[in-house]
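# Chain and residue survey
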Amino acid sequence: MKYNVNSNGFYGDFGGAYIPEMLFSNIDELRKNYLSIVEKDSFTREFNFYLKKYVGRPTPLYYAKRLSEKYGSKIYLKREDLCHTGAHKINNTIGQILLARELKKTKIIAETGAGQHGVATATVCALMGMECVIYMGEVDIERQRPNVERMRILGAEVRPATSGSRTLKDATNEAMRHWINNPDDTHYIIGSVVGPHPYPDMVARFQSVISEELLGQLKKVEGRDYPDFVIACVGGGSNAAGIFYHYLENPKVKLVGVEAAGLGVSTDKSAATTKLGKKGVLHGSKTLLMQDENGQVTEPYSISAGLDYPGIGPLHAHLFDSKRGVYVSVEDDEAMNAGIELSRLEGIIPAIETAHAFSIFDKIDMKRKVIVINLSGRGDKDLETYIKWGKY
Ligand SMILES: *Cc1c(COP(=O)(O)O)cnc(C)c1O
C-alpha cells in the first residue's frame with residue numbers, strides 16, 4: 001500500500017483537481033512546475049535558510065517528564081509553538097512565497113478563517129516585499145479582530161467576503177474568483193493540505209520538515225528514529241501531515257489524528273469529519289466532508305477556530321479509509337481540560353487546536369510506549385477563549 005500522492009494527484013480514491021475550467025491554467029502552471037522548483041538545490045538552500053534564521057528551526061523535541069509520569073509513557077513534544085508567529089503555519093507560507101517568486105509572481109492572495117493563516121501569509125509577504133490581499137468572511141473579521149489588525153500592521157489588505165454565511169468558505173470563493181481574474185502576476189497561498197492537486201502534496205512537503213527533524217532528534221534520545229505513536233490535531237491536516245510524513249510507510253509507527261467533536265458528534269455543533277463526513281468534492285479535491293442529504297456543505301463548529309473546518313485533506317481521508325491512520329474526535333470541554341493540564345504539568349499553554357491532541361490518553365491504550373505529540377501552536381491567541389470558558 002502506498003500512502004503518498006500518485007502522479008495524478010490522488011491518495012487512493014481521494015484528491016485530484018476538480019476545478020472550474022477558468023482555474024485550469026493557474027493550477028496547471030503550478031502542477032507542471034512545483035516539483036522541479038522545490039527539488040532544486042538553490043530552492044532547498046534558501047528554504048532551509050529562512051526556516052533556520054527566520055522561523056527559528058529546528059524546533060526542540062522536548063521530553064515532557066511530568067506528563068509522562070502521569071500517563072505511564074514516554075511523551076515527547078515537538079515544539080512547533082516556538083516557531084515565529086507561534087505555529088507550524090509559517091513553514092508552509094515560507095515555502096510557497098519562495099515558490100511564487102520562482103514562478104515570477106509579484107502578488108499574493110490567501111483566504112483565512114480565524115486569521116492564523118492570514119497572519120502567516122502577511123508575514124512572509126512583508127519579508128519578501130510582495131503585495132498581499134487576504135480574503136476573510138465579514139463575520140470572521142468581527143470575531144477575530146486582533147488577527148485582522150496584525151495583518152494590517154504587516155501591510156496586508158484584508159478584504160471582507162460579504163456573500164453567503166460570510167465565513168471561510170465564502171472567503172475561499174472570493175479568493176478563487178480573484179485568482180481567475182489575475183492568473184499572471186498572482187499566487188494563491190493555501191494554508192493546509194487541502195485544495196486541488198498539487199496543493200495538498202506541496203503543503204505536505206513544506207511541512208514535512210517537522211518529521212524530518214524528528215528522525216534525527218529521536219535517534220539521539222531513543223536510539224531509534226521512530227516512535228510508537230505520532231499524534232497531531234487535524235483541521236485541514238497540515239501539521240499532522242508534516243509530522244506523519246516520514247513515517248507514512250513505516251508500519252511500526254501508529255499515526256493518530258485528533259479532530260474536533262465540538263459539542264459532540266450527535267449534535268449539529270461538530271467538526272468531526274471522519275465521524276460525520278461523506279465522500280464529496282470540497283475546495284477542488286475529492287475528500288471526506290460534512291454535508292447534508294443534498295450534498296450541501298454544512299457549517300462546522302468547534303471551540304477552536306483552526307479546527308472549525310467541514311472537511312479534511314485527501315491524504316487524511318485516505319489514511320482513514322485504508323485504516324493506516326486512526327482518527328479520534330474530542331469534544332470542546334475535553335480539549336480545554338487537556339489544555340489546562342498541559343499548562344499546569346509542563347508550563348506550556350497550548351493553542352486550543354493543539355489541546356485536542358492532548359486529550360486522548362484515556363481514548364487509546366499507549367502505556368509504556370514512546371509517543372510524540374505535535375505541539376502545533378501556542379495559546380496566546382486563545383486567551384480570550386480560555387477566559388470565556390473559565391473552568392480553571
Ligand atoms: C491552523 C492551525 C491548526 C489546524 O490546521 P492544520 O492544517 O490541520 O494543521 C492546528 N493548530 C494550530 C496551532 C493552528 O494554528
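Residues numbered from 1 in each chain as written. Predicted model: local features only at pLDDT ≥ 70, side-chain atom pairs only at ≥ 80, totals over all residues. Heavy atoms only, no water.

In this structure the tally under the stated criterion is ten aromatic pairs. Judged by centre distance (5.7 Å) and plane angle (75°), the rings of Trp179 and Tyr188 are edge-to-face. Comparing Trp179 with Tyr188 shows no difference in burial state: the two are buried. An aromatic cluster of at least three residues, connected via ring pairs, comprises Phe43, Phe47 and Phe206. Just above the ring of Tyr226 sits the side chain of Arg224; from NZ or CZ to the centre is 4.6 Å. (Phe/Tyr/Trp six-rings, centres within 6.5 Å; stacked < 30°, edge-to-face > 60°. Buried < 20%, exposed > 50% of the residue type's maximum accessible area, 1.4 Å probe, protein only. Lys NZ or Arg CZ within 6 Å of the ring centre and 35° of its normal.)

Right, let's get into the sheet that holds strand β9 (residues 229-233). Across the sheet, six strands lie side by side as β3-β4-β14-β9-β10-β13; this open sheet has mixed pairing. Both outer strands of the open sheet, β3 (61-63) and β13 (325-331), are each paired with one neighbouring strand and no more. Averaged over all adjacent pairs, the angle separating strand axes in this sheet is 25°, with direction ignored. The sheet contact formed by β9 and strand β10 (residues 254-262) spans five bridges and is parallel. Paired with Ala232 across the two strands is Gly257, which belongs to β10. Running at roughly 140° to strand β4 (residues 74-78), helix α10 (residues 209-222) makes contact with β3, β4 and β14 (370-374) of the sheet. (Pairing = 2+ DSSP bridges. Helix = DSSP H or I, 4+ residues; strand = E, 2+ residues; numbered from the N terminus. Axes fitted to C-alpha atoms, helices over the stretch in contact; angles between N-to-C directions. Contact = heavy atoms within 4.5 Å.)

Judged by pairing direction, the sheet is parallel, and its four strands sit side by side in the order β7-β6-β5-β8 without closing on themselves. Among the strands making up the open sheet, the edge pair consists of β7 (157-161) and β8 (186-188). Adjacent strand axes in the sheet meet at a mean angle of 25°, parallel and antiparallel pairs treated alike. When strand β6 (residues 131-137) meets β7, the two strands line up parallel, connected through five bridges. Looking at β7, one finds that Gly137 is bridged to Ala161. Contacting β5 (107-112) and β8, helix α4 (residues 89-102) crosses the sheet at an angle of about 150° to β8.

Before going further, it helps to spend a moment on the domain arrangement of the chain. Considered domain by domain, the chain is made up of domain 1 (20-50 + 89-203) and domain 2 (56-86 + 208-389). For domain 1 and domain 2, the distance between their C-alpha centroids amounts to 23 Å. At the interface, 20 residues of domain 1 touch 23 residues of domain 2. For domain 1, the biggest contributors to the area lost against domain 2 are Asn91, Val193 and Val194; these three give 27% of the whole. Where domain 1 meets domain 2, there are one salt bridge. Close ionic contact of Lys169 with Glu299 constitutes a salt bridge, the shortest N to O distance being 3.6 Å. Taken together, the connections running from domain 1 to domain 2 amount to six residue pairs in polar contact (both at pLDDT 80 or more). Listing elements by their share of the side of domain 1 that touches domain 2, those giving two or more residues are α4, α5 (116-128), α8 (168-181) and α9 (199-207). (Domains from an automatic or database assignment. Buried area = accessible area lost by both parts, 1.4 Å probe. Salt bridge = Lys/Arg side-chain N within 4 Å of Asp/Glu carboxyl O. Polar contact = N/O pair within 3.5 Å; in protein donor to acceptor, adjacent residues only side chain to side chain.)

What follows concerns the layout of surface pockets. What the second largest pocket holds in volume is close to 240 Å³. Looking at the second largest pocket, it is lined by 13 residues, and the ones nearest its centre are Thr44, Phe47, Arg205, Ser208 and Glu212. Among the secondary structure elements, those contributing two or more residues to the lining of the second largest pocket are α2 (41-55), α9 and α10. No other element matches α2, which puts five residues into the lining of the second largest pocket. Here the residues of the lining of the second largest pocket are counted per class, giving seven nonpolar, three polar and three charged. Composition of the lining of the second largest pocket by domain shows at least three residues from each of domain 1 (20-50 + 89-203) and domain 2 (56-86 + 208-389). (1 Å grid on protein atoms, 1.4 Å probe; cavity = no way out; pocket = protein on both sides within 12 Å on 5 of 7 lines; lining within 4 Å. Points joined across faces, edges and corners; volume = space filled by probe spheres on them. Nonpolar A, V, L, I, M, F, W, Y, C, P; charged D, E, K, R; others polar.)

Turning our attention to the environment of Val38. Within the secondary structure, Val38 sits in helix α1 (residues 24-38). Between the C-alpha atoms of Val38 and Met202, which are 164 residues apart in sequence, the distance is 8.7 Å. With sequence-adjacent residues up to four places away left out, Val38 is seen in contact with Phe43, Thr44, Leu99 and Phe206.

Next up on the list: the environment of Thr167. Of note, Thr167 is situated in the loop between β7 and α8. In the structure, Thr167 is positioned 85 residues away from Leu82 in sequence and 29 Å away in space, judged by C-alpha atoms. With sequence-adjacent residues up to four places away left out, Thr167 is seen in contact with Gly137, Val139, Asp140, Arg143 and Glu299.

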